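# Report on the structure
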Amino acid sequence: MRIDRLEIENFKKYARQAFDFHPKFTLLVGDNGAGKTTVLDALAVALGIWHKAAPSSSGWRNILKEEVRLDPVDAGDRIIWKLALPAKITATGTIGRTQGLSWTRMIRQGGSRTTNAEAHDAENAIVELVQGAESQQQLLPVLAYYGAGRAWKPTNKRSTGPIDTGKAQQFDAYRNCLDTRIRDQELNDWFLFETAAINGDREGRPGYRSVKQAVLACIPDSEAVRYDSNLKEIVLTIKGNQQPFSNLSAGQRMMLAMVADIAIKAVTLNSYLLGPDHPGAMDPQHLLRESPGVVLIDELDVHLHPKWQRRVATDLKNTFPGIQFICTSHSPQVIGEV
């Protein structure tokens, strides 16, 4: 999965604009109000076409009525605002093995809901990819959007799915994947379940080891990560000092949660790569290297010390080389690194 180009029409501040993206890592830079987050929101709408792959999942992104651009019109002694329609998001990129795909999601003139009428080729490519994944011939892409407020108070949305039922499903990785939040409790529960599944191997299943290796690769000076059954919390060891998740700094919690969430999605979607008959089964990093996807991150530098800001882009690219990252930042350290 990759998005090469995005065309926006009548979406938030943009009357008409187009953007091209690097296949591995793009950093959007601009003043406050320049429209960086709007681009990520439009990309999330474009990725929302994946509801076709997991129609029972929740949290898929459509164009919201309040996101349609407003035109001011003089009306006597006042100005009235009219919706500028159609509002269109057109993406061009790759889905599965199909390259050069273009799909449009829009609210038509006179309409009020997002339509996919001009996205049939993309929908067909998604169906083909899902069928290939079911026969373990193709990999499913990781999709995620982490907003600038991802480390704030957890969302009050009630989640449904494996955390509630205890029955994990492959497409659970797409549940609410574009709603910009990180759910700390679901992350904690995943580590709990993986710890409970340990049987003879202290390091846990290969998927568990993959997630732990991703975390350690992206948090400077970290040495170990585990779940403590007494505290009922994830515990991170940094420079020989063990700290429960709740005692970590905001930057440490945010990085641990975001990186673990990306890795958990990869494990959930493509766990067959870790099967005993697969050539990469003995290498937990194999799944991290091979899993494709598109991950959007607003304010990549949020809560990070300048030392971390200098390495965060490189760490993400090295840990998840198959994923396309599209990020925003105001940080001179992040900009300089990229």
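On a predicted model such as this, the values are computed, not experimentally measured, just so you know. (Residues numbered from 1 in each chain as written. Predicted model: local features only at pLDDT ≥ 70, side-chain atom pairs only at ≥ 80, totals over all residues. Heavy atoms only, no water.)

### What about the overall build of the protein?
Definition in use: Helix numbering and strand numbering both begin at the N terminus, where a helix is a DSSP run of H or I of at least 4 residues and a strand a DSSP run of E of at least 2. Here the radius of gyration uses the C-alpha set of atoms, whereas the globule reference equals 2.2 Å times the residue count to the power 0.38. Should any heavy atoms of two residues lie within 4.5 Å, those residues are counted as being in contact. Only the protein chains shown count as cover for residues, with accessible areas throughout obtained via the Shrake-Rupley method and a probe of 1.4 Å. Charge assignment in this entry is limited to Lys and Arg as positive and Asp and Glu as negative, and neither His nor the chain termini are counted. Charge positions come from single atoms, namely NZ of Lys, CZ of Arg, CG of Asp or CD of Glu.
Of regular secondary structure, the protein possesses ten helices and 14 strands. By the compact-globule yardstick of 20 Å for 338 residues, the protein fits well, its C-alpha radius of gyration being 21 Å. In the protein, once contacts between residues fewer than 6 apart in sequence are set aside, the share between residues at least 24 apart is 62%. A total of about 15900 Å² of accessible surface is found on the protein, and carbon and sulfur atoms cover 47% of it. Of the side-chain charges in the protein, 40 are positive and 38 negative, and the distance between the mean point of each set is 2 Å.

### A few points about helix 4 (residues 184-196)
Going by this rule: A helix is expected to span 1.5 Å for every residue after the first. Only protein chains enter the area calculation, which uses a 1.4 Å probe; residues under 20% of their type maximum are buried, those over 50% are exposed, and those in between are partly exposed.
Under the 1.5 Å per step criterion, the end-to-end length of helix 4 is 18 Å for 13 residues, consistent within 8% with the ideal 18 Å. Residues of helix 4 that are buried: L187, N188, D189, W190, F191 and E194.

### Quick notes on the packing of aromatic side chains
The test is simple: Side-chain rings of Phe, Tyr and Trp, where Trp is taken by its six-membered ring, are said to pair if the distance between their centres is within 6.5 Å; with planes under 30 degrees apart they count as stacked, over 60 as edge-to-face, and otherwise as tilted. Should the NZ of a Lys or the CZ of an Arg lie within 6 Å of a ring centre and within 35 degrees of the ring normal, that charge is described as sitting over the ring.
Counted under the stated rule, the structure contains nine aromatic pairs. Both rings, one in W190 and one in F191, keep their centres 5.7 Å apart while their planes meet at 75 degrees; by these two values the pair is edge-to-face. Classification of W190 by relative accessible area gives buried; the value is 14%. Taking the relative accessible area as the measure of exposure, F191 reaches 0% and is therefore buried. Measuring from ring centre to ring centre gives 6.0 Å for W190 and Y208, while their planes differ by 65 degrees; the resulting arrangement is edge-to-face. Placement of W190 in helix 4 and of Y208 in helix 5 (residues 206-218) is noted, with a sequence separation of 18 residues between them. Judged by relative accessible area, Y208 falls into the buried class, the value being 2%. Members of the aromatic cluster, each reached through a chain of ring pairs, are W50, W60, F171 and Y174. The cationic tip of K13 hangs over the ring face of Y14; the distance from NZ or CZ to the ring centre is 6.0 Å.

### Some words on the pairing of strand 5 (residues 78-83)
Selection rule: Note on pairing: two strands pair once DSSP finds at least 2 bridges between them.
In the sheet, strand 4 (residues 70-75) pairs with strand 5 via six bridges, with the strands oriented antiparallel. Bridging across to strand 5, D74 finds its partner in I79. Between strand 4 and strand 5, which pair antiparallel and follow one another directly, the connecting turn spans two residues, one of which, G76, has a positive phi of 70 degrees.

### Overview of the pairing of strand 2 (residues 14-20)
Strand direction decides the pairing type here: strand 1 (residues 2-11) and strand 2, joined by six bridges, are antiparallel. Paired with E9 across the two strands is R16, which belongs to strand 2. Hairpin connection from strand 1 to strand 2: two residues lie between these consecutive antiparallel strands, with K12 at a positive phi of about 55 degrees.

### Topic: the side chain of R150
We count it as follows: Only one rule defines a salt bridge in this text: a Lys or Arg side-chain nitrogen within 4 Å of an Asp or Glu carboxyl oxygen. Here a polar contact is recorded for every N or O atom pair within 3.5 Å, except that within protein the pair must consist of a potential hydrogen donor and a potential acceptor, and residues adjacent in sequence are included only if both atoms are side-chain atoms.
The topology assignment puts R150 in the loop between strand 9 (142-146) and helix 3 (162-165). Here R150 is buried and forms no salt bridge, its nearest opposite-charge partner D298 lying at an N-O distance of 6.7 Å. Reaching out from R150, the side chain makes a polar contact with the backbone oxygen of G147 at a distance of 2.8 Å. Once you skip the residues sitting within four places of it in the chain, R150 turns out to touch T180, I182, M254, M258, I297, D298, E299, L300 and V302.

### Examining the confidence of the model for the protein
Going by this rule: pLDDT runs from 0 to 100 and stands for how confident the predictor is about each residue.
In the predicted model, the protein carries a mean pLDDT of 90, and the fraction of residues at 70 or more is 92%. Contacts from residues 153-166, a stretch scored under 50 in pLDDT, to residues over four places away or in other chains number 18 contacts.

### Examining the pattern of salt bridges
What the rule picks out here adds up to 16 salt bridges. The residue R61 makes a salt bridge to E67 at a minimum N-O spacing of 2.5 Å. The two residues R61 and E67 agree in class, both being buried. Across the salt bridge formed by D283 and R289, the nearest N and O atoms sit 2.7 Å from each other. Here R289 falls in the partly exposed class, since its relative accessible area comes to 36%.

### Observations regarding the environment of H305
You can see H305 is positioned in the loop between strand 13 (293-297) and helix 8 (306-309). Taking relative accessible area as the criterion, H305 reaches 45% and is therefore assigned partly exposed. Taking the C-alpha atoms as reference points, H305 and Q252, separated by 53 residues in sequence, lie 9.9 Å from one another. From its side chain, H305 meets the backbone nitrogen of K307 in a polar contact 2.9 Å long.

### Quick look at helix 5
One turn of the α-helix equals 3.6 residues, which is why residues spaced by three or four share an orientation. The first and last C-alpha atoms of helix 5 sit 19 Å apart over 13 residues, in line with the 18 Å expected at 1.5 Å per residue. By the burial criterion, the buried members of helix 5 are G207, Y208, R209, S210, V211, K212, A214, V215 and C218. For helix 5, the elements touching its buried residues are helix 4, strand 10 (222-228), strand 11 (233-238), helix 6 (250-269), helix 7 (284-290) and helix 9 (312-319).

### Some remarks on the packing of helix 4 against helix 5
Selection rule: Note on method: axes are straight lines fitted to C-alpha atoms, helices fitted across the in-contact stretch only, with angles between N-to-C directions ranging 0 to 180 degrees. Should an angle fall under 35 degrees it is called roughly parallel, over 145 degrees roughly antiparallel, and 65 to 115 degrees roughly perpendicular, with every other angle called oblique. Take the far helix as your reference; a near helix turned counterclockwise from it by less than a right angle gives a left-handed crossing, and one turned clockwise gives a right-handed crossing. Three classes are used, and their members are as follows: Ala, Val, Leu, Ile, Met, Phe, Trp, Tyr, Cys and Pro are nonpolar, Asp, Glu, Lys and Arg are charged, and the others, Gly among them, are polar.
For the pair helix 4 and helix 5, the least separation of the axes is 10 Å and the interaxial angle reads 135 degrees. As the angle between them shows, helix 4 and helix 5 are arranged oblique. In the packing of helix 4 onto helix 5, the handedness of the crossing is left-handed. Residues W190, F191, E194 and T195 of helix 4 pack against G207, Y208, V211 and K212 of helix 5. Grouping the constituent residues of the contact of helix 4 with helix 5 by class yields four nonpolar, two polar and two charged.

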